Amino acid sequence: MQIIKTKAELAALSSSWQKEGQTIGFVPTMGALHAGHLSLINALDGKASRRIVSIFVNPIQFNNTSDFQHYPRGLEDDATLLHNTGKVDVLYAPDESQMYTPGFATRISVSGLDSMLCGEDRPGHFDGVATVVTKLFLQTRANIAAFGEKDYQQLCLIKRMVQDLDLSVNILPVPTLREADGLALSSRNRRLTPEQRQQAALLPQALKACLAAIQNGTSVESSLVTCREALKKAGFHVHYLELRHAENLAPAPIAGKDTRLFVAASLGDIRLIDNMPFA
Ligand code: AMP
């Protein structure tokens, strides 16, 4: 596995791969890698002949400086993990000066999808994501890119953007990988204290209970109210808990197989997100 730090070097390699007719698979990440990230790499099996994983903690997608500063980083461990998969050709780890040259002024906005759910209390976050992902698609010349359903809103937004801008990359959605107790794997879990880690497992349990209540005939609204209360009692600050249509994330007053439950809730200053399909 090669470690590349400059976009010029990456461009030279990807363009030579393109000329050879290779299919370039890409997994964008912010590092602090875990098995969830590795499942994205595995999802490219049989679909890509070359694989690039990027690690870049993207400053323009953090609307909270403390969150950016405290975001876990560990390039050496990440590189070892990726190397040991035996599946990654390139770890692309640009620094900020590679991605954002002085005077950088462009933003990509995906209207609507960028201002609901996580966009509501993280203004600018999704513009930052859409902008960096577009740059990474262009830099890597990816033919196929894997994204986790863990960040379902991000996945919807990227799919919309790729369609709207005629980008020539296929988006491969990958199901959320969870711990044995149901907690979705996340780099942010590293920051949980042992006590918070135990509390955090209540989040997926609450989602399951809420979906079961709806399935058993309780109205969507009252199931959501009960679930929000349960999460508050368990020590969470609930940012949102909502049932939405899976395709466009529009509010879903009635549950159906095309609907999904979405939550964002914090323990202390650690914000956790999760989502599950209704059926
Ligand atoms: P991040 O490093 O958190 O920006 O995530 C990079 C990619 O990994 C995104 O596409 C995430 O959705 C995906 N991802 C993160 N956690 C998981 C997980 N538990 N299961 C599947 N994919 C995940």
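If you check an unreviewed UniProt entry, the chain appears there as Pantothenate synthetase from Acetobacter ascendens. What UniProt states about the chain under its Pathway (unreviewed entry) heading is, verbatim, "Cofactor biosynthesis; (R)-pantothenate biosynthesis; (R)-pantothenate from (R)-pantoate and beta-alanine: step 1/1."

(A) Seen up close, the packing of aromatic side chains. Applying the stated criterion across every chain yields a total of seven aromatic pairs. With a centroid separation of 5.7 Å and 75° between ring planes, the pair formed by Phe 62 and Tyr 71 is classed as edge-to-face. Tyr 71 matches Phe 62 in its accessibility class, with the two residues each being buried. Taking the centre distance of 6.2 Å and the plane angle of 90° together, the rings of Phe 137 and Phe 147 count as edge-to-face. Separated by 10 residues along the polypeptide, Phe 137 in helix α7 (residues 125-140) and Phe 147 in strand β5 (residues 144-148) bring together distant segments of the chain. Each member of the pair Phe 137 and Phe 147 is classed as buried. Chaining the aromatic ring pairs together yields one cluster made of Phe 26, Phe 137 and Phe 147. The residue whose ring lies beneath Arg 73 is Phe 68, and the NZ or CZ to ring-centre distance is 4.8 Å.

(B) Main features of the site of the ligand. Residues in close proximity to the ligand total 17 residues, the closest being His 37, Gly 148, Asp 151, Leu 177 and Leu 185. Contacts to the ligand include Met 30, whose backbone N or O atom sits 2.9 Å from an oxygen atom. At a separation of 2.9 Å, a nitrogen atom of the ligand approaches a polar backbone atom of Leu 177. Protein contact buries 93% of the 480 Å² of open area that the ligand shows by itself. Elements represented by at least two residues in the shell around the ligand include exactly β2 (24-29), α2 (35-43) and β5.

(C) A look at the sheet that holds strand β9 (residues 270-277). Strands sit in the order β7-β8-β9 across an open sheet of three strands; the sheet is antiparallel. Two strands close off the open sheet at either side, each with one partner strand: β7 (237-245) and β9. Put simply, the sheet's adjacent strands are angled 10° from each other on average, direction ignored. In terms of strand pairing, β7 meets strand β8 (residues 259-267) through eight bridges, oriented antiparallel. Looking at the pairing, Glu 242 lines up with Phe 262 of β8.

(D) Layout of helix α10 (residues 202-215). Helix length check: α10, at 14 residues, gives a terminal C-alpha distance of 20 Å against a target of 20 Å (1.5 Å per residue), a fit within 8%. For α10, the full list of buried residues reads Leu 203, Pro 204, Ala 206, Leu 207, Cys 210, Leu 211 and Ile 214. In an axial view of α10, the angular spread of the buried residues amounts to 160°, which keeps them on one side of the axis. Turned more than 90 degrees from where α10 packs its buried face, Lys 208 and Gln 215 sit exposed. Packed against the buried residues of α10 are α9 (194-200), α11 (220-233), β7, β8 and β9. Phi turns positive one or two residues past the end of α10, at Gly 217, with a value near 105°.

(E) Representation of the pairing of β8. Summarising burial for β8: nine of the nine residues are buried, a large majority. Residues of β8 alternate between two faces, with Thr 259, Leu 261, Val 263, Ala 265 and Leu 267 on one and Arg 260, Phe 262, Ala 264 and Ser 266 on the opposite face, all of them buried. A loop of two residues connects β8 with β9, the two strands running antiparallel in sequence, and Gly 268 in this loop sits at a positive phi of about 60°.

(F) Representation of the side chain of Gln 154 within the structure. Among the structural elements, Gln 154 can be located in helix α8 (residues 152-164). Gln 154 sits in the buried class, given a relative accessible area of 19%.

(G) Representation of the sheet that holds β2 within the structure. Pairing in this open sheet of six strands is parallel, and the strands run β1-β4-β3-β2-β5-β6 from one edge to the other. Pairing within the sheet leaves two strands with one partner each, and these edge strands are β1 (2-4) and β6 (170-174). Mean inter-strand twist for the sheet, computed between neighbouring axes without regard to direction, equals 25°. Summarising the sheet, β1 and strand β4 (residues 90-92) pair through three bridges and their orientation is parallel.

Reading guide: rules and limits
Residues numbered from 1 in each chain as written. Predicted model: local features only at pLDDT ≥ 70, side-chain atom pairs only at ≥ 80, totals over all residues. Heavy atoms only, no water. UniProt positions renumbered as here; feature names shortened; annotations may be inferred. Phe/Tyr/Trp six-rings, centres within 6.5 Å; stacked < 30°, edge-to-face > 60°. Buried < 20%, exposed > 50% of the residue type's maximum accessible area, 1.4 Å probe, protein only. Helix = DSSP H or I, 4+ residues; strand = E, 2+ residues; numbered from the N terminus. Lys NZ or Arg CZ within 6 Å of the ring centre and 35° of its normal. Near = heavy atom within 4 Å. Polar contact = N/O pair within 3.5 Å; in protein donor to acceptor, adjacent residues only side chain to side chain. Areas by Shrake-Rupley, 256 points an atom, 1.4 Å probe, with all protein chains shown as cover. Pairing = 2+ DSSP bridges. Axes fitted to C-alpha atoms, helices over the stretch in contact; angles between N-to-C directions. Expected span 1.5 Å × (residues − 1). Arc of directions from axis to C-beta. Contact = heavy atoms within 4.5 Å.

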